[in-house]
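Descriptive analysis of the structure
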Amino acid sequence: MRLHFLGTGTSTGIPVIGCQCRTCLSTDRRDDRLRTSALLEVNGYNILIDVGPDFRTQMIRAHINRVNAILVTHQHYDHVGGLDDVRGLNYSMGQSINVFAEPNVAAAFRHNLSYIFAENKYPGVPEIGLHEIDVNKPFEACPGIVVSPIRVMHGKIPIVGFRINNWAYITDASFISDESLSQLKGLDVLVLNALRFEEHMSHFSLSEALDVVAKVQPKRAYLTHIAHHMPPQAEVEPTLPENVFMAYDGLIVNE
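Predicted model only: the values in this text are computed from it and were never measured.

Topic: the side chain of Thr10
Tracing the chain through its elements places Thr10 in the loop between strand 1 (2-7) and strand 2 (37-42). With residues up to four places along the chain from it excluded, the contact list for Thr10 reads Arg35, Asp78, Leu195, His225, Ile226 and Ala227.

Here it is as structure tokens:
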């Protein structure tokens, strides 16, 4: 398995438009963050997690020309705003792409991007197969690749993380129940959001994320969905436990 971090920033990205803070002005490329997304390569298939507004840039920058399935954590724009750009892959691959999401997220797609699902489609619209998932049931994203959804809370909003084999990806969480934590045992790699030092109503702070890591005890953990309120990476990463790392755009993690 191979995990490619395509974006590791929060909804504004870093640098934030008009901001003059230390992180936004950093010359360390690791502090230049597009909206959060990742690509997992497993058994020859490319599985994308979230398809935000930077999707097109991420695909071009990472030289990725094939996506076999898309897993969607929730319907906020910074995680779904690039779905229209999937059509570029439709053209190059010559096929539709399967998208897996909870029913409320699928309903939002049908409402907000109704032209994709129209009976008489405009030529050139994205071609996707939209599949509704049950958070309590594993599903097959690609042949032989079973994904286990994991319920987490984003403030008051229930959203979903995903586990494939001994790797798990969770973003935008602010609370994980004991039942869901039990689904995260025995991990080789855990990806988890850590917005900033200060507490936030709908995202884990750094200390809260580290508390989850301590409970789950993965072999390695990578922090994502990072805001410009977090100091530059070069200052933060040396303070982390030895098995915890700040992810950055372009980072590739191999099994």
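Side note on the environment of Thr23
Structurally, Thr23 can be placed in the loop between strand 1 and strand 2. The class for Thr23 is buried, based on a relative accessible area of 5%. Measuring from C-alpha to C-alpha, the distance between Thr23 and Ser114 comes to 39 Å, with 91 residues separating the pair along the chain. Among residues more than four places away in sequence, those in contact with Thr23 are Ile14, Asp31, His228, Met230, Pro231 and Pro232. At a separation of 2.6 Å, a polar atom in the side chain of Thr23 contacts the main-chain carbonyl oxygen of Met230.

Let's talk about the sheet that holds strand 12 (residues 220-224)
Taken together, seven strands build an open sheet; the order of strands is 7-8-9-10-11-12-13 and the sheet is mixed. A single partner strand is all that each edge strand has here, and the edge strands are strand 7 (139-142) and strand 13 (244-246). Going across the sheet, the axis of each strand differs from the next one's by a mean of 30 degrees, ignoring polarity. Where strand 7 lies against strand 8 (residues 145-154), three bridges are found, and the strand directions are antiparallel. Looking across to strand 8, one finds that Cys142 is bridged to Ile145. Across the sheet, helix 6 (residues 206-216) is in contact with strand 11 (189-193), strand 12 and strand 13; its angle to strand 11 comes to roughly 155 degrees.

Let's talk about helix 3 (residues 86-93)
All of the buried residues along helix 3 are Val86, Leu89, Asn90 and Met93. Across the axial projection of helix 3, the buried residues extend over an arc of 105 degrees, all falling on one side. Along helix 3, the residues that are exposed and aim more than 90 degrees away from the buried face are Tyr91 and Ser92. Turning to helix 3, the residues buried within the fold contact helix 1 (55-61), strand 4 (69-71), strand 5 (97-101) and strand 6 (128-132). One or two residues past the end of helix 3 sits Gly94, with phi positive at roughly 70 degrees.

So, the pairing of strand 12
Extensive coverage of strand 12 is indicated by the burial of four of its five residues. Where strand 11 and strand 12 come together, five bridges link them in parallel fashion. Its bridge partner being in strand 12, Asn193 is matched across the sheet by Thr224. The handedness of the strand 11 to strand 12 crossover, carried by helix 6, is right-handed.

Some remarks on the environment of Leu6
In this fold, Leu6 is placed in strand 1. Considering only alpha carbons, one finds Leu6 and Lys185, 179 residues apart in sequence, at a separation of 25 Å.

What to know about the packing of aromatic side chains
Here the structure, examined in full by the defined rule, presents four aromatic pairs. With a centroid separation of 5.0 Å and 20 degrees between ring planes, the pair formed by Phe100 and Phe139 is classed as stacked. Pair noted here: Phe100 is in strand 5 and Phe139 is in strand 7, with a separation of 39 residues, a long-range link. Seen from their ring centres, Tyr222 and Phe245 are 5.3 Å apart, and the 25 degrees between their planes marks the pair as stacked. Of this pair, Tyr222 sits in strand 12 while Phe245 sits in strand 13; the two residues are 23 residues apart in sequence, bridging distant segments of the chain. Looking at Phe245, the relative accessible area reads 29%, which means it is partly exposed.

Focus: the pattern of salt bridges
Under the counting rule described, the total for this entry stands at twelve salt bridges. Between Arg110 and Glu132 there is a salt bridge whose closest N-O contact spans 3.0 Å. Highlighted residues: Arg110 in helix 4 (residues 103-112) and Glu132 in strand 6, separated in sequence by 22 residues. For Arg110, a relative accessible area of 37% puts it in the partly exposed group.

About the thresholds
- Residues numbered from 1 in each chain as written.
- Predicted model: local features only at pLDDT ≥ 70, side-chain atom pairs only at ≥ 80, totals over all residues.
- Heavy atoms only, no water.
- Helix = DSSP H or I, 4+ residues; strand = E, 2+ residues; numbered from the N terminus.
- Contact = heavy atoms within 4.5 Å.
- Buried < 20%, exposed > 50% of the residue type's maximum accessible area, 1.4 Å probe, protein only.
- Polar contact = N/O pair within 3.5 Å; in protein donor to acceptor, adjacent residues only side chain to side chain.
- Pairing = 2+ DSSP bridges.
- Axes fitted to C-alpha atoms, helices over the stretch in contact; angles between N-to-C directions.
- Arc of directions from axis to C-beta.
- Right-handed = clockwise from strand over helix to strand, strands pointing away.
- Phe/Tyr/Trp six-rings, centres within 6.5 Å; stacked < 30°, edge-to-face > 60°.
- Salt bridge = Lys/Arg side-chain N within 4 Å of Asp/Glu carboxyl O.

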